[in-house]
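Overview (structure and organization)
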Amino acid sequence: MEYRNVPTICTYCGTGCGLLLEVLDGQVVGTYPDYAHPVSEGHLCIKGWNAGAFVHHPDRLTKPLFRKGNDFVEVSWDEALERVAGELKRIRDQYGPDAIGLFGSAKATNEANYLMQKLARAVIGTNNIDHCARLCHAPSVAGLAMTFGSGAMTNSIPELENSRCILVTGSNTTEGHPIIGARIMRAKERGATLIVVDPRDIQLARFADFHLRQRPGTDVAWINGMIHVILREGLENKEFIATRTENFDALWEVVKEYPPERVEQITGIPADQLAAAARAYARAESAAIVYAMGITQHTTGTDNVVSLANLAMVTGQIGRPSTGVNPLRGQNNVQGACDVGALPNVYPGYQSVTDEKVRQKFLEAWGAAPPARAGFTVTEMVDLAGVGAIRALYIMGENPLLSDPNIHHAREALERIEFLVVQDIFLSETAQFAHVVLPAASFAETSGTFTATDRRVQLVRQAIPPIGESREDWQIICEIARRLGTPAGPYGKFDYAGTAEIMDEIAALTPIYGGISHRRLEELGFLQWPCRTPDDPGTPILHTEQFTRGLGRFQPVHYRDPAELTDKEYPFILTTGRVMFHWHTGTMTRRSPKLHKEVPEGYVEINPLDAERLQIGKSERIRLVSRRGAVETKAWITRRVAPGVVFMPFHFAEAAANVLTNAALDPVAKIPEYKVCAVRIEKITEVERPEKLVAARAGAS
Ligand SMILES: Nc1nc2c(c(=O)[nH]1)N[C@H]1C(S)=C(S)[C@@H](COP(=O)(O)OP(=O)(O)OC[C@H]3O[C@@H](n4cnc5c(=O)[nH]c(N)nc54)[C@H](O)[C@@H]3O)O[C@H]1N2
Ligand SMILES: Nc1nc2c(c(=O)[nH]1)N[C@H]1C(S)=C(S)[C@@H](COP(=O)(O)OP(=O)(O)OC[C@H]3O[C@@H](n4cnc5c(=O)[nH]c(N)nc54)[C@H](O)[C@@H]3O)O[C@H]1N2
Ligand code: SF4
Ligand SMILES: [Mo]
C-alpha cells in the first residue's frame, strides 16, 4: 500500500488556493487544505474540498476517438495524431494558415498554453489563438491597458483584509471566489466600509454598509455619478491627479452630465445613497475596487472597466497596499493563459503581434512567426466556421457549445466545420461534435504552473499518472507539432524533458516572467509577475511609483444602453451567472457527487411580485423565451432579484441559459453581453407540457 499527500493548486477558480491531494495506491482518494498556503491559509471552499472527486469518474475519456456517423470509435494514439496532423496540414496547404483556429484553455497549465500558441504561430503560421478570457475579462485586459498600461489585478488577495473600504461590483464573491469573499468579510469585521453595487441581493450585500441595486447594464452611469459627486465636493486627490495622471480635464466634461438625480433615473439607485457611497470610497484611507463579470460581460464592458479605473485614479486609491482596481480572474489559469500568449493580438507577455520588432524577436527565437496582424477571437472563429472561412478548429479544454452565447447559432456554425478536434477530460457538449476527440490528463495527472488572479505563479504537481491512455495536454501538443514539422530556431523545438524546461523557454522570451523557474517556485512557493530576473522577488502591487504606461490616462466615457432592451413582448431583463457549487458547463462539478447533490438542476430566480402577477407557484416549471430560443426550467421565487429582473445560472445543459443570451459584442474587447438580454416568462399548461418539454430538450441538447 502506498499513501502520499501531494501539494498542488485547486483546479477551479482563480483564487489559486493550495490543496493536498491524498493518493492511495495511485488513486486520488481525498483533498485537504494546505495550511502553509499564503492565500488560502488552510481554508478551501466546497469545490476545493471536492476537487479530486471527478478525477476517477467512469466518464473520463481514456482513449482517442474518431466520429463514425453519430457514434464514436476508439482508435490508437498514432492513428489519432496522424489524422489530426494530416488534416491540419491539408487545410493549411489548401486554404492557408488563417483557415485554422486554436483555442487554448484556462484550465490547462501555462506550459500547455504556451505550446498551444507556439503551435498556432510558429508551426501553423496563424494568430488565430484565443480562449475563454474572451468571454470573461477581455474588457479588463483592454480597459486597464488603456488607462494603466497593464490589464491585471493591481493588488494582492491578502491585502484586501486590511482595506478600510471595499467597493464590490459585479462580483458575487462569496460564490465565485469564496476564499476571497471570506477575506472581504474579515475586512468588514475589522471595520472596513463595504459598498456592494449589484442588481441582486447577493450574500455580501446583506453585510454591506451600502447595497446599491442598479438596473443591469447601467454601470457607466453610476460610476460617472460617483465621480461627479467626488469632483463637485472637492474630494478628489489633487496631488495624485497632478503628478500621476493625464487627460484629467476631459473627465469633468463628461461626468458633469451625471448628477446623482439623473443617475437615479438611469440606474434606479437612490441619489443620496450613491452620493454617500462615493464619499465613503473617496475619503477612506485605503479603498479597493473588486469586480468581475457583472462589469465585463456587456457590450459596454470595456467602458465599464475604464470607468472604474477613472474612479480609482481621481481619488488616488491605487498604487498603495489595500487599494487598487482588482478584476477577479475566473478560471484557475485564465490569468496565465493570457500571460503566455493564448490571445490573438499578443505574443507571450502582452507583446503586440503588430509590432514588427516583437515579431522579429519571435521569428528569430522560433524560426517562424505569423504575419504582423491580429488573429480572430473565439467568438469570431465560431462565426467564421459557420461561413466556411475557418475550416478547422483545435479546441483544448473549452466547451463553447454550452458556454458561448446564443448556442443554437454556435452549434449550426460548428456543424458546418470541415475538421474539429477537441481535447478534453470528458465528452463535453462540444466534444460530441468533434471529428477527433483527444483524451487529456486532468490537473491531478499533470505538472506545470497556474497563475492565480493576483499574478501569482504557483506549481501544479502530478499526483497520479494519467487515467487510462489519456495524456498530458503539453505532450499531446508536442506530438502534433512534431508531426506537422517544427521550425529551426533555437526555441523552435517541441521536445522537452519536462514542464520545467518549457517554463525556462517562457522565461527567456517573456520579460514579465523572466525570473520565473520551477526551481525558484519550489523554493519560494510562488512568484508574482512582473518578475524579470532570477533575483527579482516579484511584484505584489502594481503601479506604485508610476503606471506601467507612465502616467495613468483618464478615459471618460458616456453611458450607453445595453444592446437589447425590454419591450412589451419581452418585458424581463435576464441576467446570467454562477452558483457556488457548480462550475461553468458542469463537466466536472455535475460529476462530483457532493456538489451535484447541492444543486442538482437548473432554475430561474423570479421576484415574488412578478411571480404573483404571473401566478407562478413555488418550484413551478416555466418557460423562458428570448428572441433566440426558449428553455424550460424551475422557478425559484426569491427577493434576490428585483421586480422585472430574472437570473439564471448557465451550468445546466438541459436548461441552458445560453440558448437565450444575446451574442452582441463589446466593440473593443469582443465580449458578449451575457449579463443583459430581454425575455418573457410563459406558464406551461398541463396539457402542452410533455411534448414541449421534449422539444425544448432536443433543441438545447
Ligand atoms: N462556483 C463557481 N465559481 C466560479 C465560476 C463558476 O462557474 N462557479 N467561474 C469562475 C469564472 S470563469 C469567473 S469569470 C468568475 C465570475 O465570478 P462572478 O463575476 O462573481 O460571477 P457571476 O455569477 O457571473 O456574476 C457576478 C455578479 O454580477 C452581478 N450582475 C449582474 N448584472 C450586472 C450588471 O449589469 N452590473 C453589475 N455591476 N453587476 C451585475 C450578478 O448579480 C452577480 O452578483 O467566477 C469564477 N468562479
Ligand atoms: N450565460 C453565460 N455564459 C457564460 C458566462 C456567464 O456568466 N453567463 N461566463 C463566461 C465565462 S466568464 C467563462 S470563463 C466561460 C467558460 O466557458 P468554458 O471554458 O467553455 O467552460 P468550462 O466548463 O470551464 O470548460 C472547460 C472544459 O475543459 C475541460 N477540462 C478540465 N480540465 C482540463 C484539462 O486539464 N485539460 C483539458 N484539455 N481539458 C480540461 C472540462 O471538462 C470542460 O469541458 O463561460 C462563459 N459563458
Ligand atoms: S476559492 Fe477557488 S481556488 Fe479556492 S478552493 Fe474554492 S474553487 Fe478552489
Ligand atoms: Mo470566466
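A quick note: this is a predicted structure, and the numbers were derived from the prediction, not measured. (Residues numbered from 1 in each chain as written. Chains lettered and ligands numbered in written order. Predicted model: local features only at pLDDT ≥ 70, side-chain atom pairs only at ≥ 80, totals over all residues. Heavy atoms only, no water.)

**Things to note about the overall build of the protein**
Short version of the rule: Numbering of helices and strands starts at the N terminus; helices are DSSP runs of H or I of at least 4 residues and strands are runs of E of at least 2. In this setup the radius of gyration rests on C-alpha atoms only. A globule is expected at 2.2 Å times the number of residues raised to 0.38. Buried residues are those whose accessible area, probed at 1.4 Å on protein chains only, stays under 20% of the maximum for their type, while exposed residues exceed 50% and partly exposed ones sit between those limits. Contact between two residues is taken to exist if any of their heavy atoms lie within 4.5 Å; hydrogens are not considered.
Counting its secondary structure elements, the protein contains 25 helices and 30 strands. The C-alpha atoms of the protein give a radius of gyration of 24 Å, which matches the 27 Å a tight globule of 701 residues would have. Referenced to the eigenvectors of the C-alpha coordinate spread, the extents of the protein come out at roughly 70 × 70 × 55 Å. Buried residues in the protein amount to 64% of all 701 residues. In the protein, 74% of the contacts between residues at least 6 apart in sequence involve partners at least 24 apart.

**Observations concerning the site of ligand 1**
Which entries qualify depends on this criterion: We call a residue near a molecule or strand when any one of its heavy atoms sits within 4 Å of it. The term polar contact refers here to a pair of N or O atoms within 3.5 Å; inside protein, the definition further demands a hydrogen-donor-capable atom paired with an acceptor-capable atom, and it admits residues adjacent in sequence only when both atoms are side-chain atoms. In this classification, Asp, Glu, Lys and Arg are treated as charged, Ala, Val, Leu, Ile, Met, Phe, Trp, Tyr, Cys and Pro as nonpolar, and every other residue, Gly included, as polar. An automatic or database domain assignment provides the domain bounds reported here.
Within the structure, ligand 1 sits among 35 residues, and Gly176, Asp198, Gly217, Arg578 and His582 are positioned closest to it. Within the side chain of Lys47, an N or O atom sits 3.2 Å from a nitrogen atom of ligand 1. A distance of 2.6 Å is found between a nitrogen atom of ligand 1 and a backbone nitrogen or oxygen belonging to His582. The set of elements that each furnish at least two residues to the shell around ligand 1 consists of helix H5 (173-176), helix H13 (293-296) and strand S23 (572-577). Looking at the shell around ligand 1 residue by residue, the classes come out as 11 nonpolar, 17 polar and 7 charged. Of the domains in this structure, domain 3 (138-327) and domain 4 (572-698) are the two that each give at least three residues to the shell around ligand 1.

**Thoughts on helix H4 (residues 138-147)**
Counting buried positions along H4 gives 7 out of 10 residues, so the element sits mostly inside the fold. Within the span of H4, buried status applies to Ala138, Pro139, Ser140, Val141, Gly143, Leu144 and Thr147. Packing partners of the buried residues in H4 comprise strand S12 (287-291), H13, helix H14 (301-315), strand S13 (324-327) and strand S22 (552-553). Remark: Gly149 follows H4 within two positions and exhibits a positive phi of approximately 100°.

**Points about the pairing of strand S30 (residues 677-683)**
Using the following cut-off: Two strands form a pair only when DSSP identifies at least two bridges running between them.
Two strands pair when backbone bridges link them, and S23 and S30 are joined in this way by 3 bridges, in the antiparallel orientation. Note on S30: the bridge partner recorded for Phe572 is Val679. Two strands pair when backbone bridges link them, and strand S25 (residues 621-625) and S30 are joined in this way by 4 bridges, in the antiparallel orientation. Bridge pairing in S30 places Ile622 opposite Lys683.

**Here's the deal with the sheet that holds strand S16 (residues 392-396)**
What counts here: Between N-to-C directions, angles cover 0 to 180 degrees, with each direction set by a line fitted to C-alpha atoms, over the stretch in contact for helices.
Pairing in this open sheet of 7 strands is mixed, and the strands run S5-S4-S18-S17-S16-S6-S7 from one edge to the other. Of all the strands in the sheet, just strand S5 (71-74) and strand S7 (129-130) have a single pairing partner and so form its edges. Bridging between strand S4 (residues 65-68) and S5 involves 4 bridges; their strand directions are antiparallel. By the bridge assignment, Leu65 is partnered in S5 with Glu74. Its contacts with the sheet put helix H20 (residues 473-484) on S16, strand S17 (419-424) and strand S18 (436-439), and the angle it makes with S16 is roughly 155°.

**Things to note about the domain arrangement of the protein**
Let me state the cut-off plainly: Once two parts are put together, the accessible area they lose, assessed with a 1.4 Å probe and summed over both, is termed the buried area. By convention in these notes, a salt bridge is any Lys or Arg side-chain nitrogen within 4 Å of a carboxyl oxygen on Asp or Glu.
Structurally, the protein comprises domain 1 (3-49), domain 2 (65-133 + 332-511), domain 3 (138-327) and domain 4 (572-698). Taking the mean C-alpha position of each, domain 2 and domain 3 sit 35 Å from one another. Counting residues at the interface gives 7 residues for domain 2, matched by 11 residues for domain 3. Broken down residue by residue, the surface that domain 2 buries against domain 3 is led by Thr453, Asp454 and Arg455, which jointly contribute 62%. Summed over the shared surface of domain 2 and domain 3, the result is 0 salt bridges. Across the domain 2-domain 3 interface, the total number found is 5 residue pairs in polar contact (both at pLDDT 80 or more). Its residues assigned to classes, the side of domain 2 that touches domain 3 shows 2 nonpolar, 2 polar and 3 charged.

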